[in-house]
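Given next are the chains, with one letter for each unit.
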Amino acid sequence: MAKKLKDTDYLFISTYLHSRERDLLTAARMERMIEAPTAEDAAKVLQEIGYGELASVNDQELSAVLAQEQEKLFQDLYRFVPDKAVVDVFKVKYDYHNLKTLLKARAVGVDGTRLLLDAGRVSAEEMRRAVTEGEYGSLPELLRRAAVEAGEVLSATGDPQLSDFVLDRAYYAEMLSAARATGSDFLVRYVQAAIDAANLRGAVRTLRMKKGADLLKKVLVEGGSIRADSVQAAALSGSLEELYRPTELRTAAELGTAAAQGGSLTAFEKACDDAVTAVAARAKSVPFGVEAVISYLVAKEIEFTAVRIIMSSRMAGIGGDTIRERLREAYV
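So, here's what we can say about the structure. (Residues numbered from 1 in each chain as written. Predicted model: local features only at pLDDT ≥ 70, side-chain atom pairs only at ≥ 80, totals over all residues. Heavy atoms only, no water.)

## Points about the overall build of the chain
Helix and strand counts for the chain stand at 16 helices and 0 strands. Against the globule reference of 20 Å for 332 residues, the chain gives a C-alpha radius of gyration of 20 Å, in line with a compact fold. Here the C-alpha coordinates of the chain stretch approximately 50 × 50 × 45 Å along the principal axes. Burial statistics for the chain: of 332 residues in total, 46% are counted as buried. (Helix = DSSP H or I, 4+ residues; strand = E, 2+ residues; numbered from the N terminus. Rg over C-alpha atoms; globule rule 2.2 N^0.38 Å. Buried < 20%, exposed > 50% of the residue type's maximum accessible area, 1.4 Å probe, protein only.)

The following block contains the structure:
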C-alpha cells in the first residue's frame, strides 16, 4: 500500500511554486499586452516572464511557444511533486483533445498532426500512431475504451458530434476518477465544479439550438455536484437559475438563461470559466500542501488561455475592448 502523503511532504514544492508565482501573467501584464503598440511588443511581455521568443508573430509560432511552456511546466512538476498523479489529473484533457483531433482527421482523410498538443500522459506521436493503426493497446485503460467506442460511433454514423459526446463523458469520468485516486478532497471538488460548468454549458447550448431531452441525455455527463438528470429537468422546465443559485455558477446560470434565448454566449462562457476559477482560488490561502500544486496548475491553465486570446486577437487586429470582454478573470 502506498504511503499516505502529508501536507508537510509538499513543503518544498509549495515553497518553489510560491516563488514562481511572481512570473505568472497578472492582470497588469495582460493589460500591458493589450495596450502594447504592436503584437510583437505584446509578445515581449511574455519573454519577460520566461516564455520563449517568437521567431515571428504568427499562429504557428504562438502554438509552438505555448506547447514548449506547457511541456516545461509538467516536467518541472514531475521532478518535485510527491504524488505525480495530481499532475496527471491536469494532463488528461490533452489526451482527449489529441484523440478527438486524430479521430476526426482520420474520418475526413486529413492530417491533424499540427493540431496536437504534446502535454498529455500519452505522447502526441504515440497517440497518432495508435489512431492511425487502430491499435490502442498502449493507451491507459479508460482512454483505450473511449477510443474504441468513439471510433466505432464515428464509423457507424459519420457524425463527429456523437463521437465527441462519447469522449467528453469518458474525459470527465477519467478526470474525476484520477482526482479521487489522489485522496485530495479539494481536487475532487475542483473537478466536480468543472463538470457542473460543462453541464451548464451543454444545457444552454442545447436550448439555444432549440433541441430537447434526447440531445440533452447525450450532452450531459455524470460526476458533478449536481446530478445530470437534475440539470436536464431544470433545463427543460426553465429553472437553471434556481438549480445553480447555491453554487459558484449562479451568475453563469443567469447569463445562460439569456444566452439560451439568443443573448451573448461570450459573457456566459466567461462566467462559467470564472466560476470554476473561483473554486480553485480557495487554495490560495493554503501555505503548503497539495492545494499549492493544484492552485499553480490552474493558474497556468488560465494563463495559457489568456495568452492565446490576447495574442491571437492582437495578430488579427482586434481592439482592446473586445479582447477584455473575452478574457477570463486573472488568477493573480
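## Some thoughts on the nonpolar core
Judged by nonpolar contacts, the single largest core of 108 residues is most densely connected at F90, L200 and L240. Among the elements that make up this core, the one with the highest residue count is helix 15 (residues 290-315) (14 residues). Setting aside residues no more than four positions away along its own chain, F90 makes contact with F74, L187, Y190, I294, L297, V298 and E301. (Core = buried A, V, L, I, M, F, W, Y, C linked by side-chain atoms within 4.5 Å. Contact = heavy atoms within 4.5 Å.)

## Quick notes on the packing of helix 5 (residues 84-108) against helix 15
Between helix 5 and helix 15, whose axes approach to 9 Å, the crossing angle comes to 25°. Viewed along their axes, helix 5 and helix 15 adopt a mutual orientation that is roughly parallel. Crossing geometry of helix 5 relative to helix 15 is assigned as right-handed. Residues V86, V87, F90, K93 and Y94 of helix 5 touch helix 15, and the partners they reach there are V290, V293, I294, L297, V298 and E301. (Axes fitted to C-alpha atoms, helices over the stretch in contact; angles between N-to-C directions. Parallel < 35°, antiparallel > 145°, perpendicular 65-115°, else oblique. Left-handed = near helix turned anticlockwise from the far one by under 90°.)

## Focus on the packing of aromatic side chains
Enumeration over the complete set of coordinates arrives at 7 aromatic pairs. Between F90 and Y190, the ring centres sit 5.9 Å apart and the planes meet at 25°, which makes this aromatic pair stacked. One end of the pair, F90, is in helix 5; the other, Y190, is in helix 9 (residues 185-208), with 100 residues separating them in the sequence. One exposure class covers both F90 and Y190, and it is buried. Here the aromatic residues F12, Y16 and F80 are joined through ring pairs into a cluster of three or more. For the cation-ring pair, K91 lies above F74, with the distance from its terminal atom to the ring centre recorded as 4.3 Å. Note that K91 overlies the ring of Y78, its terminal NZ or CZ placed 5.4 Å from the centroid. (Phe/Tyr/Trp six-rings, centres within 6.5 Å; stacked < 30°, edge-to-face > 60°. Lys NZ or Arg CZ within 6 Å of the ring centre and 35° of its normal.)

## A look at the pattern of salt bridges
Summed over all chains, the structure comprises 24 salt bridges. Notably, a salt bridge pairs D164 with K104, separated by 2.9 Å at the nearest N-O pair. With D164 in helix 8 (residues 160-182) and K104 in helix 5, this pair connects stretches of sequence that are 60 residues apart. It is possible to trace a salt-bridge network through shared partners that takes in E31, E35, D321 and R324. (Salt bridge = Lys/Arg side-chain N within 4 Å of Asp/Glu carboxyl O.)

## Things to note about helix 3 (residues 39-48)
If you check which residues of helix 3 are buried, you get A39, A42, A43, V45 and L46. Down the axis of helix 3, the buried set is contained in an arc of 140°. They therefore lie on one face. The inward-facing, buried residues of helix 3 contact helix 2 (27-35) and helix 15. Backbone geometry just after helix 3 places G50 at a positive phi near 105°. (Arc of directions from axis to C-beta.)

## Digging into unusual backbone geometry
Positioned with a positive phi, K210 is a non-glycine residue whose angle comes to about 60°. Within the element layout of this structure, K210 appears in the loop between helix 9 and helix 10 (213-219). With a relative accessible area of 73%, K210 lands in the exposed category.

This is a description of form; function is not addressed.
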